[in-house]
Amino acid sequence: MDNNSKVRVRFAPSPTGYLHLGSLRTALFNYLFARHNKGKFILRIEDTDQSRKVEGAVENLINVLKTMGLDYDEGPDVGGDYGPYFQSERLEIYKKYCSGLLEKGYAYYAFETEQELDEMRRVQQMQGRQTMYNRRARHLTENEVKEKLASGVPYVVRLKVPLDTEIKFTDIIRGNVKIETNLIDDQVLLKSDGYPTYHLANVIDDHLMGITHIIRGEEWLTSVPKHIILYNAFGWDVPKMAHVPLILNPDKTKLSKRQSDVATEDYLKKGFLKEALVNFMALLGWNPGEGESREIFSKEELIRLFSIERVNSAGAVFNIEKLNWMNSEYIKNYDLEKLVDLSIPYLNKGGIDTSDLVKTKRVVFAIRNYISKLDEAPQQARVYYKNDSLNDEQKKIIGNETSKRVLSLLISKLESLLEINADNFKPLLSEVQKESGVKGKDLFMPVRLALTSEEHGPELGLIAYVLGKNEVLNRLKTFQK
RNA sequence: GGCGCAUUGGUGUAAUUGGUUAACACGCCGCCCUCUCAAGGCGGAAAGUACGGGUUCGAUCCCCGUAUGCGCUGCCA
């Protein structure tokens, strides 16, 4: 990487109300790139569409980024030397630079109404021609423009795209791209409500904020020429660019609400761990290569290994099965205390009383191998809290002679045991087996029924450990007589 | 329709500068472990690299075309 200038990258979402998984990954790639290069990661809110304002969207966005651990160096709530970081608070800046473009003839006023433009498009469509602004306001005389402005007719400012040439650029991920300028629309830069469009605001802000690398979604690739025209008009350097591929549904269409959850919040809510989510999203479209076959990486490792050049250029299907697997790997290996803290809300929500912290901890220890995400915790934990009566079939099993022999033998052995831990209950059963000659199902099922009133469940050692010596004895004794 | 981008097993990916029996992981199947359910261990099926042409002694890798998918084609971002 070139270290001449300090790396500065930005994540520039428009606040739509939730953080789309695709945006999450774009943010993550920006973050990893910045941290890898010891640069700055900036959050900028692109709220220039007044009609799409969503209450509380920014707060939510910031919240999710923070819980995901994607901390930024500059942004709305943390400040920085290049603010403000809300585009809606930078209107004067855009106007100023836009006037500059107007003066130098790189942009022009246009006065069509939306209805007129719709009509223009409709006609073009009917004629099978490309739909784009016909650039007619370019030919307005100076006086015509003056008159219209003076009379207060609403106007927009449009980019005067240079005709009959080609714009070439190099994308870090995709290589060289070129587009004929005649196919590029005279994009609106300043809307009639005085707000800039994405194209104008984005170019000005990226320059003013000293952005060195633009890492963003693939959907922006075809707008790059417009941006380059703007950079040239302003006389500014064009930042390096990397357009990351889309995340797809299983049928390879763009990831959509119709086919799966798309909001990062939804996955967090279901009990995917942020570490697993980060790990998984990083590997969706990127990998460290060089014969690396591991797939579990901490954030620190990802930072160390990440390089934007190794991001894939094709879209990647979001494979929930693999996320499930990865999340279960994290759950299995997570710090137990922390996992307990994270699990408690889920257990409570499932109606499980967690006030006995010692037991709760044992329960979490016991279920961690059985769940792939936290919202499965209550269902797996339930068995450790139940004390139902047995049905007739089960009573028959537990009431027979061998079962009684097993239970009494086990009770006597248990009584001499100080405390049950995760490993010392199973050996007890082996002893019972040796001494009684009872083995297999005949040995285990009465114990299982006595302890859980279920024929299926986790291994008995775990169950005994979770219930504790007293409770185990109580339950066994109920069925001894 | 036009323009742009993409294309390795079902999915995510790997394959030093073109030379490999095309590798790994998820998922799937089977076996082992086992009272059951997971976990774990072992093994298997699964792509000849979208298709068709080139270039080359040799192409997953370079070039062209076709197909397919996606993106853009807004006073949305």
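Residues numbered from 1 in each chain as written. Chains lettered and ligands numbered in written order. Predicted model: local features only at pLDDT ≥ 70, side-chain atom pairs only at ≥ 80, totals over all residues. Heavy atoms only, no water.

1. Here we look at the overall build of chain A
The line we're drawing: Think of it this way: any DSSP run of H or I at least four residues long counts as a helix, any run of E at least two long counts as a strand, and we number them from the N terminus. The size measure is the radius of gyration over C-alpha atoms, and the globule rule it meets is 2.2 Å times the number of residues to the 0.38 power. Any residue under 20% of the maximum accessible area for its type is buried, any over 50% is exposed, and the rest in between are partly exposed; the area is computed with a 1.4 Å probe on protein chains only. Only the protein chains shown count as cover for residues, with accessible areas throughout obtained via the Shrake-Rupley method and a probe of 1.4 Å. For the purpose of charge, His is not counted, nor are the chain termini; Lys and Arg are scored as positive and Asp and Glu as negative. Here the site of a charge means NZ on Lys, CZ on Arg, CG on Asp, or CD on Glu.
Scanning chain A from terminus to terminus reveals 19 helices and eleven strands. Relative to its length of 481 residues, chain A is extended, with a C-alpha radius of gyration of 32 Å against a globular reference of 23 Å. A burial count over chain A gives 50% of its 481 residues as buried. Accessible surface computed for chain A: about 23800 Å², of which carbon and sulfur atoms make up 48%. Counting 68 positive and 68 negative side-chain charges, chain A places the averaged centre of each group 3 Å from the other.

2. Describing the packing of aromatic side chains
Put simply, the test is: Aromatic pairing here means that ring centres of Phe, Tyr or Trp (its six-membered ring) are within 6.5 Å. Orientation follows from the plane angle: under 30 degrees is stacked, over 60 is edge-to-face, and everything else is tilted.
Using the criterion set out here, one finds twelve aromatic pairs in the structure. Look at tyrosine 31 and phenylalanine 41: their rings are 5.9 Å apart centre to centre, the planes differ by 80 degrees, and that puts the pair in the edge-to-face class. With a gap of ten residues between them, tyrosine 31 in helix H1 (residues 21-36) and phenylalanine 41 in strand S2 (residues 40-43) connect regions that are remote in the sequence. Exposure remark for phenylalanine 41: the relative accessible area of 1% places this residue in the buried category.

3. Regarding the layout of surface pockets
Rule in force here: Of the two site types, the cavity is a set of points on a 1 Å grid over the protein atoms alone where a 1.4 Å probe fits but cannot get out, and the pocket is an open set with protein on both sides within 12 Å along at least five of seven lines, each lined by residues with an atom within 4 Å of a point. Grid points are joined across faces, edges and corners, and a volume is the space filled by probe spheres set on the points. Under this grouping Gly is polar, as are all residues other than the nonpolar Ala, Val, Leu, Ile, Met, Phe, Trp, Tyr, Cys and Pro and the charged Asp, Glu, Lys and Arg. For every domain, the bounds stem from an assignment made automatically or drawn from a database.
When its volume is computed, the second largest pocket comes out at roughly 690 Å³. No other element matches helix H4 (residues 114-126), which puts six residues into the lining of the second largest pocket. Broken down by class, the residue content of the lining of the second largest pocket amounts to ten nonpolar, eight polar and nine charged. Both domain 1 (4-87 + 247-317) and domain 2 (90-244) contribute no fewer than three residues apiece to the lining of the second largest pocket.

4. Quick look at the protein's contact with RNA strand B
Put simply, the rule reads: A single heavy atom is enough: if one lies within 4 Å of a molecule or strand, its residue is considered near that molecule or strand. Any N or O atom pair separated by 3.5 Å or less is treated as a polar contact, with the protein-specific requirement of one donor-capable and one acceptor-capable atom, and with residues adjacent in sequence counted only for side-chain atom pairs.
Taken together, 66 residues surround RNA strand B, and among them Lys191, Gly285, Asn287, Glu295 and His456 come closest. The share of sugar and phosphate among atoms of RNA strand B within 4 Å of the protein is 73%. Between RNA strand B and serine 14, the relevant distance is 3.0 Å, taken from a sugar or linking oxygen to a side-chain nitrogen or oxygen of the residue. Glutamate 112 has a polar backbone atom sitting 2.6 Å from a base nitrogen of RNA strand B. For the surface near RNA strand B, the elements supplying multiple residues, two or more each, are H4, strand S4 (156-159), strand S6 (175-180), strand S11 (316-317), helix H11 (320-333) and helix H18 (441-452). With five residues, H11 is the largest single contributor of residues to the surface near RNA strand B. Per-class residue counts for the surface near RNA strand B are 22 nonpolar, 20 polar and 24 charged.

5. Structural notes on the sheet that holds strand S7 (residues 188-190)
Selection criterion: Strands pair, by our definition, only if DSSP identifies at least two bridges between them. Inter-axis angles, ranging from 0 to 180 degrees, are taken between N-to-C directions of lines fitted to C-alpha atoms, where helices are fitted over the stretch in contact.
Taken in spatial order, the three strands line up as S3-S4-S7 in an open sheet, and their pairing is antiparallel. Two strands in the sheet have a free side with no partner beyond their single neighbour: strand S3 (107-110) and S7. Looking at each pair of strands side by side, their axes are set apart by 45 degrees on average, direction ignored.

6. Some thoughts on the nonpolar core
Worth spelling out the cut-off: The definition of a nonpolar core used throughout is a set of buried Ala, Val, Leu, Ile, Met, Phe, Trp, Tyr and Cys residues joined through side-chain atoms within 4.5 Å. Any two residues whose heavy atoms approach within 4.5 Å at even a single point are treated as in contact.
With 104 residues, the main nonpolar core has Phe318, Phe425, Val447 and Leu476 as its most contacted residues. When residues of this core are assigned to their parent elements, the largest contribution, ten residues, is made by helix H19 (residues 460-478). Those residues in contact with leucine 476 that lie beyond four places of it in its chain are Leu407, Leu410, Ile411, Leu414, Val447, Ala450 and Leu451.

7. With respect to helix H17 (residues 425-436)
To be explicit about the condition: Helices are assigned an expected span. That span is 1.5 Å times one less than the residue count. The arc under discussion is defined with respect to the helix axis, by the directions toward the C-beta atoms.
Counted at 1.5 Å a residue, the expected span for H17 with its twelve residues is 16 Å, and the 17 Å between its end C-alpha atoms agrees. Buried within H17 we find Phe425, Leu428, Leu429, Val432 and Ser436. Mapping the buried residues of H17 onto a view down its axis gives an arc of 100 degrees, with all of them on the same face. Remark: glycine 437 follows H17 within two positions and exhibits a positive phi of approximately 80 degrees.

8. So, the domain arrangement of chain A
Which entries qualify depends on this criterion: Two parts lose some accessible area (1.4 Å probe) when they are put together, and adding that loss for both gives the buried area. Only one rule defines a salt bridge in this text: a Lys or Arg side-chain nitrogen within 4 Å of an Asp or Glu carboxyl oxygen.
Under the domain assignment used here, chain A contains domain 1 (4-87 + 247-317), domain 2 (90-244), domain 3 (334-384) and domain 4 (392-478). On a C-alpha basis, the centres of domain 3 and domain 4 stand 24 Å from each other. With eight residues of domain 3 at the contact, the number on the domain 4 side is ten residues. Buried surface at the junction of domain 3 and domain 4, both sides included, amounts to about 940 Å², of which 71% is carbon and sulfur. Three residues, Arg362, Val383 and Tyr384, lead the burial of domain 3 against domain 4; their summed loss comes to 62% of the area buried on that side. Counting the contacts that link domain 3 with domain 4 gives zero salt bridges. Here domain 3 is connected to domain 4 by one residue pair in polar contact (both at pLDDT 80 or more). By residue class, the composition of the side of domain 3 that touches domain 4 is six nonpolar, no polar and two charged.

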